[in-house]
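An overview of the molecular structure
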Amino acid sequence: MAVLPILRYPDERLHRLARPVVVVDESVRALVRDMAETMYAAPGIGLAAVQVGDPRQVVVIDISEARDELRTFINPVIVEAAGTCEFEEGCLSVPGIYETVRRAARVKTQSLDERGRPFELVAEGLLAVCIQHEIDHLHGRVFVEHLSRLKQSRILAKLKKQQRLTM
Ligand code: NI
């Protein structure tokens, strides 16, 4: 197990398309374990493999208070979406930035679990938001890209200033 470095927006690697996992083998399970450890250490409630520089379609999520309900989504797709909701989101790749994003209120997903078994999940509320946020990462999309261009340029300026201060 290892805590992996998390790529920071606007790193170009966050904009790559993740590729599907062909076989859920031990290397995928090792990635899932490292991603979980990285997410818990951050701490965060969700992490996509692209955020740690891995091009595979793997997501981990844990929205529980006790941090003991790890969910793994391999090759996740949204097959149904309904309603709209607005949540203030953040992202481990965009530290210190929190912005309201509009998304579907309920989603149905199909994925594989860490043993390669297909499962469906119907989610709403924070879990639905988190799933959509992480699946966006697999499509090379960071949550700030849902915002207006003006907001995006303000965020980029703020992040550049932060990076100067921490160097
Ligand atoms: Ni994120």
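Residues numbered from 1 in each chain as written. Predicted model: local features only at pLDDT ≥ 70, side-chain atom pairs only at ≥ 80, totals over all residues. Heavy atoms only, no water.

Description of the overall build of the chain
- On a plain count of helices and strands, the chain comes out with three helices and seven strands.
- Going from N to C terminus, the chain has its helices and strands arranged as α-β-β-β-β-β-β-β-α-α.
- For the chain, the accessible surface area stands at approximately 9,000 Å², while carbon and sulfur atoms represent 53% of it.
- For the chain, the distance from the average position of its 23 positive side-chain charges to the average position of its 23 negative side-chain charges is 7 Å. (Helix = DSSP H or I, 4+ residues; strand = E, 2+ residues; numbered from the N terminus. Areas by Shrake-Rupley, 256 points an atom, 1.4 Å probe, with all protein chains shown as cover. Lys, Arg positive; Asp, Glu negative; His and termini not counted. Charge placed at Lys NZ, Arg CZ, Asp CG, Glu CD.)

What to know about a nonpolar patch on the surface
- Residues Ile 45, Ile 63 and Leu 126 make up a contiguous nonpolar surface patch of roughly 210 Å² in combined accessible area.
- Here Leu 126 lies in helix 2 (residues 125–138).
- The exposure class assigned to Leu 126 is partly exposed, which follows from its relative accessible area of 36%. (Patch = residues over 30% accessible without salt bridge, like charges linked within 9 Å, V, L, I, M, F, W, Y side chains within 5 Å. Salt bridge = Lys/Arg side-chain N within 4 Å of Asp/Glu carboxyl O. Buried < 20%, exposed > 50% of the residue type's maximum accessible area, 1.4 Å probe, protein only.)

Side note on the coordination of the nickel ion
- On the protein side, the nickel ion has Cys 91 (SG), His 133 (NE2) and His 137 (NE2) as donor atoms, found 2.1 to 2.2 Å from it.
- Considered as a linear motif, the donors of the nickel ion on their single chain read C-x41-H-x3-H. With a gap of 46 residues between them, Cys 91 in the loop between strand 4 (85–89) and strand 5 (99–103) and His 137 in helix 2 connect regions that are remote in the sequence.
- A residue is classified by how much of its surface remains accessible, and Cys 91, at 11% relative accessible area, is buried.
- On the basis of relative accessible area, His 137 is assigned to the buried category, the value being 1%. (Donors = N, O, S within 2.8 Å, 3.2 Å for Na, K, Ca; no water.)

Some remarks on the sheet that holds strand 6 (residues 106–112)
- Across the sheet, five strands lie side by side as 1-2-3-6-7; this open sheet has antiparallel pairing. In this open sheet, the two edge strands, each paired with only one partner strand, are strand 1 (46–48) and strand 7 (118–124). Averaged over all pairs of adjacent strands, the angle between their axes in this sheet comes to 40°, without regard to strand direction.
- As judged from the seven bridges shared by strand 6 and strand 7, these two strands associate in the antiparallel manner. Along strand 7, the bridge assignment pairs Ser 111 with Phe 119.
- Each of strand 1, strand 2 (58–61), strand 3 (71–82), strand 6 and strand 7 is contacted by helix 2, which is oriented at about 125° to strand 7, the strand it contacts most. (Pairing = 2+ DSSP bridges. Axes fitted to C-alpha atoms, helices over the stretch in contact; angles between N-to-C directions. Contact = heavy atoms within 4.5 Å.)

Describing empty space enclosed by the protein
- All chains considered together, the criterion is met by two cavities of 30 Å³ or more.
- By volume, the largest cavity amounts to about 50 Å³.
- Lining the largest cavity, in full, are Leu 7, Arg 13, Arg 16, Leu 17, Ala 18, Val 50, Gly 53, Asp 54 and Pro 55.
- Looking at the lining of the largest cavity residue by residue, the classes come out as five nonpolar, one polar and three charged.
- Lining the second largest cavity, in full, are Arg 8, Tyr 9, Ser 93, Pro 95, Leu 159, Gln 162 and Gln 163.
- Its residues placed into classes, the lining of the second largest cavity shows three nonpolar, three polar and one charged. (1 Å grid on protein atoms, 1.4 Å probe; cavity = no way out; pocket = protein on both sides within 12 Å on 5 of 7 lines; lining within 4 Å. Points joined across faces, edges and corners; volume = space filled by probe spheres on them. Nonpolar A, V, L, I, M, F, W, Y, C, P; charged D, E, K, R; others polar.)

Observations concerning helix 1 (residues 26–41)
- Taking 1.5 Å per residue as the helical rise, helix 1 with its 16 residues ought to reach 22 Å, and the 22 Å between its terminal C-alpha atoms agrees with that figure.
- Within helix 1 the residues assigned to the buried category are Val 28, Leu 31, Val 32, Asp 34, Met 35, Ala 36, Thr 38 and Met 39.
- Buried residues in helix 1 make contact with strand 1, strand 2 and strand 3. (Expected span 1.5 Å × (residues − 1).)

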